[in-house]
Amino acid sequence: MSYNPEIPRSRYDNYGDREWTRLEKDGHGELLYQVHLDILKRHIKLTNKVLEIGAGSGRYTKDIVQMCAELTVTDISSHQMEFNKSKMLELSLIDRIKAYHVLDVLDMSVFEDSSFDCVVCIGGVINYLLDKEKDGIQEILRVLKPDGVLIVGSMSFIGASLYYLEGIRYEKFGLEATRWIFDTGIQDEEHYPVESKHYIHMMRSTEMDALFAQFPVRIQERSSAGLFTQAGDSALEKARNDKDFWKLIVEQELAFTKLPGTLDCGMNLIYVVQKL
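Procedures and definitions
Per chain, the residues get numbers from 1 upward, laid out in the order the sequence is written. Only residues with pLDDT of at least 70 are given local features in this predicted model, and only at 80 or more are side-chain atom pairs given and counted; all residues enter the totals for whole chains, interfaces and linings. Where side-chain values are given, they derive from all heavy atoms of the structure, hydrogens and water being excluded. Pairing between two strands is assigned when DSSP locates at least 2 bridges connecting them. A run of H or I in DSSP counts as a helix once it spans at least four residues, and a run of E counts as a strand once it spans at least two, with each numbered from the N terminus. For helices, the axis comes from a line fit to the C-alpha atoms of the stretch in contact; other axes are also lines fit to C-alpha atoms, and the angle between any two N-to-C directions lies between 0 and 180 degrees. For this analysis, residues touch if any pair of their heavy atoms sits within 4.5 Å. To estimate the expected span of a helix, count its residues, drop one, and scale the result by 1.5 Å. A 3.5 Å cut-off defines polar contacts: any pair of N or O atoms within that distance qualifies, except that in protein one atom must be a possible hydrogen donor and the other a possible acceptor, and neighbouring residues in sequence count only when both atoms are side-chain atoms. Partly exposed residues are those whose accessible area sits between 20% and 50% of the maximum for their type, while under 20% is buried and over 50% is exposed, using a 1.4 Å probe and protein chains only. We define the nonpolar core as a collection of buried residues of types Ala, Val, Leu, Ile, Met, Phe, Trp, Tyr and Cys that are connected through side-chain atoms lying within 4.5 Å of one another.

Before going further, it helps to spend a moment on the sheet that holds strand 8 (residues 217-225). Strand order in the open sheet formed by 7 strands is 3-2-1-4-5-9-8, and the pairing between neighbours is mixed. The open sheet is flanked by strand 3 (97-102) and strand 8, the only strands paired with a single partner. Taken over all neighbouring pairs, the strand axes of this sheet differ in orientation by 15° on average, direction set aside. Lying on the sheet, helix 6 (residues 133-143) is in contact with strand 1 (49-52), strand 4 (116-121), strand 5 (144-155), strand 8 and strand 9 (268-275); it crosses strand 5 at an angle near 145°.

Right, here's the structure in full:
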């Protein structure tokens, strides 16, 4: 299946405020948020000109804008961009955003080559690109300065298959479709036609490694995120209701997600890549 920009655009145009609330409404979301935030804090410098791709409603925008000298915000969804603006206005941060652009990551011609010190592309932007993953990374690296840093995230297939196993099990599509998604991590119209039309490529770390091996970059850090999500929703919410225990869980999430053996076991993969 080929990349279709209308799939992510339509999905997030109709997403309402869920993109804003999903990282705070439960333990699963909070773990994802805390791990991503930790990485952003350690790799974004106060002097940086930063580009945020797939910014959505602004859950990370509100943090990134306070970490850098200049922030440009983009998303494929015009609805999410308007929501982002309204949130930054509400938080008195709107004047700190240099510009907003509704665009597709495959065409960022509005920006000159080597325009940014850091690019943040977390969440699932590259998961939607399917056959255009290499083109997307190439365009991102084009706008990044030499020695600049890309912080890029992906939905993790192995982590997702562990968490959603009951849903994956045959679902409506039969054993061969289930075998297809285990072999490829791809939900597509031909092999795994989910009703939501959420057609994506959930990735393994080996695939992320192979993708970046095609470019002149150095991988500085690999991390999982949402590792303790595998304990199950009930256990996670009980832990979250105990303030001291939850603080400990978050601390351990930050530590455990950096271990090589846990890389594919969380809900997301996060790579920090330096352009050479």
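All right, on to helix 5 (residues 78-90) then. Because each turn of an α-helix spans 3.6 residues, side chains separated by three or four positions in sequence point in the same direction. Between its first and last C-alpha atoms helix 5 spans 18 Å; for 13 residues at 1.5 Å apiece the expected length is 18 Å, and the two agree. N-capping of helix 5 is provided by S77, with a side-chain oxygen placed 3.3 Å from the backbone N of H79. Trailing helix 5 by a residue or two, S92 shows a phi angle of about 60°, which is positive.

Let us look at unusual backbone geometry. Unlike most non-glycine residues, S92 shows phi in positive territory, near 60°. Within the element layout of this structure, S92 appears in the loop between helix 5 and strand 3. Residue S114 is not a glycine yet carries a positive backbone phi of 55°. Mapping S114 onto the fold places it in the loop between strand 3 and strand 4. Taking relative accessible area as the criterion, S114 reaches 31% and is therefore assigned partly exposed.

Right, let's talk about the nonpolar core for a bit. With 31 residues, the main nonpolar core has I53, M108, V119, I140, L150 and F212 as its most contacted residues. When residues of this core are traced back to their parent elements, those giving at least two are strand 4, helix 6, strand 5, helix 10 (205-212) and strand 9. Considering every element that reaches this core, the biggest residue donor is helix 6, with 4 residues. If near-sequence neighbours (up to four positions away) are discounted, L150 is found in contact with V119, C121, I140, L141, L144, F212, Y271, V272 and V273.

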